[in-house]
Amino acid sequence: MRQLLKIGVTIDKLSYIFYSHLHPDHTGELVPLLFATKYPQTYERRKPFMIVAARGFANFYEKLKLAYGEWIELTPGLLKISELDTTGRDHLDCGVFDVDSLPMEHTDMSLAYRITEPGGRSVVYSGDTDVSDNLVALAKGVDVLICESALPDDMKVHGHLTPSLAGRMATEAGVMMLVLTHFYPECDKVDVAEECRRTYHGPLVLAEDLREIDIT
Ligand SMILES: [Zn+2]
Ligand SMILES: [Zn+2]
C-alpha cells in the first residue's frame, strides 16, 4: 500500500489483486488492506474488487477471520474471490485483460499468471517456484517474464530458482524480456546478471521497487 501511494494509487483504485501463493512474504499485507478498506471513511470503497488466487484462498480468508473477525469482513458484494485450479491450466476473463494460470513447483497451491491485453501483449509472473515445465509452457513467447530468482546459483534450495535456472526457463520459453525478482539478501553478494547470462542472452532487468517497464 505504501509503494502504491508513491505512484499515486490509493487502495480504492484497485480492481484486482493476484496472489501467487499464501506464504507470509506474499500475503502479509492482506489484513491491513482489508482493514484499511473497511474503516477510514476516506478509503471506503465505492466499487467491488476481486482477489484472484489458487483454490483454497477463500478458506485461508475464513481462517484469518477467525482471528480478526469483523475487522476484516467487508460489506457483502464488495470483495469477490476467484479461485483458480491448482492441478492444471485455468483461465479467467477479466474484461480488460485475460488471465491464464498454471501450478508451480513451490507449495501445493502456488500459481503463475499470464496476463494478456486485447492487443496481444502479455506478461507472466512466476510467483515462487522451482524449475517448472509449466512455467516454460505458460511463458512461451511472452513479452515479459517476471521470474523469481531467490538465491545465487551455488546456494540453490528446494522450491526456488537461481539466476541461471531462471535464465534457463526464459530461454526455453523464448521470452522477449526477463525480469528477475524476489532476491534474498545473499543475492547482494554475487553478480546476479552474470549468473543469469550463463543460460540467457536476451534483454534482462533486475527488478527494483517501483521500476516501470514499457512493452512496445
Ligand atoms: Zn513462497
Ligand atoms: Zn516468496
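Note that the structure is predicted; figures quoted are calculated from it, not measured.

**A word on the coordination of the zinc ion (ligand 1)**
Around the zinc ion (ligand 1), the protein contributes the donor atoms His21 (NE2), His23 (ND1), His106 (NE2) and Asp128 (OD), at 2.1 to 2.4 Å from the metal centre. Relative to the metal, the four donor atoms surrounding the zinc ion (ligand 1) lie at angles of 88 to 170°, and the coordination shape comes out irregular. When the donors of the zinc ion (ligand 1) are listed by position in the chain, the intervening gaps give H-x1-H-x82-H-x21-D. The zinc ion (ligand 2) is placed at 3.4 Å from the zinc ion (ligand 1), the two being bridged by aspartate 128. Taken together, the residues histidine 23 in the loop between β1 (16-18) and α2 (24-27) and histidine 106 in the loop between β5 (98-103) and β6 (111-116) connect sequence positions 83 residues apart.

**Considering the pairing of strand β7 (residues 122-125)**
Where burial is concerned, the two faces of β7 differ: the one with Ser122 and Val124 is buried and the one with Val123 and Tyr125 is not. For β6 and β7, the ladder comprises four bridges, and the chain directions are antiparallel. Counterpart to tyrosine 113 in the pairing with β7 is tyrosine 125. Linking β6 back to β7 in an antiparallel pair, the connection comprises five residues, with glycine 120 at a positive phi of about 105°.

**Examining the sheet that holds strand β9 (residues 178-181)**
Reading across from one edge, β4-β5-β6-β7-β8-β9-β10 is the order of the seven strands in this open sheet, with mixed pairing throughout. Two strands close off the open sheet at either side, each with one partner strand: β4 (90-93) and β10 (204-206). The sheet shows a mean angle of 15° between the axes of neighbouring strands, direction not considered. With four bridges connecting them, β4 and β5 associate as antiparallel partners.

**Thoughts on the packing of aromatic side chains**
Enumeration over the complete set of coordinates arrives at seven aromatic pairs. Relative to phenylalanine 97, the ring of phenylalanine 18 lies with its centre 6.3 Å away and its plane at 50°, an arrangement referred to as tilted. On the criterion of sequence distance, the pair formed by phenylalanine 18 in strand β1 and phenylalanine 97 in the loop between β4 and β5 is long-range, its members being 79 residues apart. Ring geometry for phenylalanine 18 versus tyrosine 113: centroids 5.1 Å apart, planes at 65°, classification edge-to-face. Remark: tyrosine 113 occurs in strand β6 and phenylalanine 18 occurs in strand β1; sequence separation between them is 95 residues. Put simply, the rings of Tyr16, Phe18, Phe97 and Tyr113 touch in pairs and so form one group of aromatic residues. Here the guanidinium or amino end of lysine 65 rests over the ring plane of tyrosine 61, the centre of that ring lying 4.4 Å away.

So, how was this worked out
Residues numbered from 1 in each chain as written. Chains lettered and ligands numbered in written order. Predicted model: local features only at pLDDT ≥ 70, side-chain atom pairs only at ≥ 80, totals over all residues. Heavy atoms only, no water. Donors = N, O, S within 2.8 Å, 3.2 Å for Na, K, Ca; no water. Tetrahedral: all angles 85-135°; square planar, octahedral: opposite > 155°, others 65-115°. Helix = DSSP H or I, 4+ residues; strand = E, 2+ residues; numbered from the N terminus. Buried < 20%, exposed > 50% of the residue type's maximum accessible area, 1.4 Å probe, protein only. Pairing = 2+ DSSP bridges. Axes fitted to C-alpha atoms, helices over the stretch in contact; angles between N-to-C directions. Phe/Tyr/Trp six-rings, centres within 6.5 Å; stacked < 30°, edge-to-face > 60°. Lys NZ or Arg CZ within 6 Å of the ring centre and 35° of its normal.

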